[in-house]
Amino acid sequence: MTSAWDLLIGALALMLVIEGLLPFFSPGAWRRVFERAIRMSDGQLRFIGLSSMLAGAGMLFLFGP
């Protein structure tokens, strides 16, 4: 039986793998994404963060353990 800590560490590890895919395979595109992010306002970045959190929470609700 897996503990909550094991699941959390596994989820964080998977997040790091996914986050590393774009800079590994296409460093130029990764730079362009960050250049665009730097030009966004705080409100736009907060909206993207909120949207990401809601999408993740929704996925956990629908497909989680």
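## Comments concerning the overall build of the protein
- On a plain count of helices and strands, the protein comes out with three helices and zero strands.
- What you see in the protein, going N to C, is helices and strands ordered as α-α-α.
- Computed over its C-alpha atoms, the radius of gyration of the protein comes to 15 Å, more than 25% above the 11 Å expected for a compact globule of 65 residues.
- Within the span of the protein, comprising 65 residues, buried residues form 2% of the whole.
- Total accessible area on the protein is roughly 6100 Å²; 74% of this is exposed by carbon and sulfur atoms.
- Here the protein carries 5 positive and 4 negative side-chain charges, and the mean point of each set is 13 Å from the other.

Rules and cut-offs
- Residues numbered from 1 in each chain as written.
- Predicted model: local features only at pLDDT ≥ 70, side-chain atom pairs only at ≥ 80, totals over all residues.
- Heavy atoms only, no water.
- Helix = DSSP H or I, 4+ residues; strand = E, 2+ residues; numbered from the N terminus.
- Rg over C-alpha atoms; globule rule 2.2 N^0.38 Å.
- Buried < 20%, exposed > 50% of the residue type's maximum accessible area, 1.4 Å probe, protein only.
- Areas by Shrake-Rupley, 256 points an atom, 1.4 Å probe, with all protein chains shown as cover.
- Lys, Arg positive; Asp, Glu negative; His and termini not counted.
- Charge placed at Lys NZ, Arg CZ, Asp CG, Glu CD.

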